[in-house]
Amino acid sequence: MKKSREDHAARFDEKADRYDESKSDEYHTCVDLVVEHAAPEADDVVLDLGTGTGAIAVPLAADAARVVGRDISAGMLEEAERKAEEEGLETLEFGTGTFREPDYEGQVDIVTSNFALHHLSDEEKRAAIAVIADREPRKFVLGDVMFFGDPNPDEPFYSSEVDDPATVGLLADAFTDAGFSLTAVERVHDQVGVLVAERGRTTTGDGAE
């Protein structure tokens with residue numbers, strides 16, 4: 001992680017009330033794809049890590065038994081809770097937590113995350129995926145900044161000062177080493193994509209751009 005957890009939290013606290021409107025089309029496409037691929041069943045519990053303003057957690061709550069959202073930013077969690085209250089959703093739980101320490105010990109069937117894991121170093125990403133795998137979810141859906149090839153420095157989807165995106169290959173290896181198989185790869189942009197990792201399944205190939 002290039003900045004401390006406290007620095008990251010403060011940065012997102014400051015932008016929480018305008019975060020959704022500030023994001024790119026590619027970000028919103030990833031949100032839709034993560035929700036689509038997560039596809040929880042009525043008795044599933046979803047753990048949404050780096051939940052932010054609840055962009056993933058809120059739409060999934062309509063279908064899942066329960067959605068648990070975790071983030072390090074109090075401001076972002078306040079926005080997520082506001083959305084849940086406006087929608088009248090009672091199956092959502094938001095609180096402070098990280099990838100490696102989500103502060104949640106209950107059932108986990110599906111793990112989701114969007115535009116959060118890239119804040120960790122490659123070593124930290126591997127450690128986070130391994131910790132999540134120990135919870136034995138059947139599926140992990142990750143939307144994030146990731147490199148499908150050499151990134152174009154003139155069109156970055158990240159800031160080198162605070163972000164540390166990985167290649168798709170490194171993420172695939174981390175999932176495989178943790179006991180998952182990639183079942184879908186959605187390339188949204190050369191630097192943005194969605195990976196679906198499941199247990200006991202085989203890769204289906206690239207998705208549509």
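Residues numbered from 1 in each chain as written. Predicted model: local features only at pLDDT ≥ 70, side-chain atom pairs only at ≥ 80, totals over all residues. Heavy atoms only, no water.

Visitor: What should I look at first to understand the packing of aromatic side chains in this one?
Guide: Two descriptors summarise a pair of aromatic rings, namely the distance from one centre to the other and the angle between the planes of the rings. In this structure the tally under the stated criterion is three aromatic pairs. Aromatic pair Phe140 and Phe175: ring centres 5.2 Å apart, planes at 90 degrees, arrangement edge-to-face. Of this pair, Phe140 sits in strand S5 (residues 139–147) while Phe175 sits in helix H7 (residues 168–177), and the two are 35 residues apart along the sequence. Accessibility assignment for this pair places Phe140 and Phe175 in one class, buried. Grouped by ring-pair contacts, the aromatic residues Phe140, Phe175 and Phe180 constitute a single cluster. Looking at Arg199, its charged tip hangs above the ring of Phe180, at a distance of 4.7 Å from the centre. (Phe/Tyr/Trp six-rings, centres within 6.5 Å; stacked < 30°, edge-to-face > 60°. Helix = DSSP H or I, 4+ residues; strand = E, 2+ residues; numbered from the N terminus. Buried < 20%, exposed > 50% of the residue type's maximum accessible area, 1.4 Å probe, protein only. Lys NZ or Arg CZ within 6 Å of the ring centre and 35° of its normal.)

Visitor: Is there a simple way to explain unusual backbone geometry in this structure?
Guide: The backbone of Asp103 sits at a positive phi, close to 55 degrees, despite the residue not being glycine. Assessed through its relative accessible area of 61%, Asp103 is described here as exposed.

Visitor: Would you mind going over the pattern of salt bridges with me for this structure?
Guide: Side chains that carry opposite charge are capable of pairing whenever their charged atoms lie near each other. Under the defined criterion, the tally for this structure stands at nine salt bridges. Salt-bridge contacts for Arg70 lead to Glu93; the nearest nitrogen and oxygen are separated by 2.7 Å. Of the two residues, Arg70 is situated in strand S2 (residues 66–71) and Glu93 in strand S3 (residues 92–96); the sequence distance between them amounts to 23 residues. Given the relative accessible area of 4%, Arg70 is considered buried. (Salt bridge = Lys/Arg side-chain N within 4 Å of Asp/Glu carboxyl O.)

Visitor: What am I meant to see in H7 here?
Guide: Buried residues of H7: Val168, Leu170, Leu171, Ala172, Ala174 and Phe175, and no others. The inward-facing, buried residues of H7 contact helix H6 (122–133), S5, strand S6 (166–167), strand S7 (181–189) and strand S8 (192–198). Just past H7, the residue Gly179 takes up positive phi, approximately 100 degrees. (Contact = heavy atoms within 4.5 Å.)

Visitor: Sorry, what's going on with the nonpolar core here?
Guide: Considering soluble globular proteins, one finds that nonpolar side chains tend to be buried as a cluster. Counting residues in each nonpolar core, the largest one holds 31 residues, and the members touching the most others are Phe99, Leu117, Phe140, Phe175 and Leu195. Secondary structure elements with two or more residues in this core: strand S1 (45–49), H6, S5, H7, S7 and S8. In terms of residue count, H7 provides more of this core than any other element does, six residues in total. Setting aside residues up to four positions removed in sequence, Phe140 forms contacts with Val111, Ser113, Ile129, Ile132, Phe175, Phe180, Leu195, Val196 and Ala197. Listed in part, the 29 residues of the second largest apolar core include Tyr27, Ala57, Ala80 and Val192. (Core = buried A, V, L, I, M, F, W, Y, C linked by side-chain atoms within 4.5 Å.)

Visitor: Would you explain the environment of Ala197 in this entry?
Guide: Inspection of the secondary structure assignment puts Ala197 in strand S8. Taking the relative accessible area as the measure of exposure, Ala197 reaches 0% and is therefore buried. Expressed as a C-alpha distance, the spacing of Ala197 and Arg138, which sit 59 residues apart in the sequence, is 8.4 Å. With residues up to four places along the chain from it excluded, the contact list for Ala197 reads Arg138, Lys139, Phe140, Phe175, Phe180, Ser181 and Leu182.

Visitor: Help me out: how do you make sense of H6 in this one?
Guide: Note: α-helices contain 3.6 residues per turn, so residues at a spacing of three or four share the same orientation. In this model, H6 (twelve residues) spans 17 Å end to end at C-alpha, consistent with the 16 Å of a helix rising 1.5 Å per residue. Among the residues of H6, Glu124, Lys125, Ala128, Ile129, Ile132 and Ala133 are the ones counted as buried. The inward-facing, buried residues of H6 abut S1, strand S4 (110–114), S5, S6 and H7. (Expected span 1.5 Å × (residues − 1).)

Visitor: So what exactly am I meant to see when it comes to the environment of Leu77 here?
Guide: Along the chain, Leu77 turns up in helix H5 (residues 74–87). When the C-alpha atoms of Leu77 and Gly54 are compared, they prove to be 7.7 Å apart, with 23 residues separating the residues in sequence. Apart from the residues within four sequence positions on either side, Leu77 is in contact with Thr51, Gly52, Asp71, Phe94, Gly95 and Thr96.

Visitor: Which parts of the structure should I look at to understand the pairing of S5?
Guide: Working note: regular strand, side chains alternate between the two faces of the sheet. Of all nine residues in S5, nine are buried, a share of seventy percent or more. Taken together, the five bridges between S4 and S5 define a ladder with parallel strand orientation. Across the sheet, Val111 pairs through a bridge with Phe140, a residue of S5. For the handedness criterion, the β-α-β arrangement of S4, H6 and S5 is classed as right-handed. Here S5 runs beside S8; their pairing, made up of seven bridges, is antiparallel. Bridge pairing links Asp144 to Gly193 in S8. Taken together, the two bridges between S5 and S6 define a ladder with parallel strand orientation. Bridged to Phe147 within S6 is Thr167. (Pairing = 2+ DSSP bridges. Right-handed = clockwise from strand over helix to strand, strands pointing away.)

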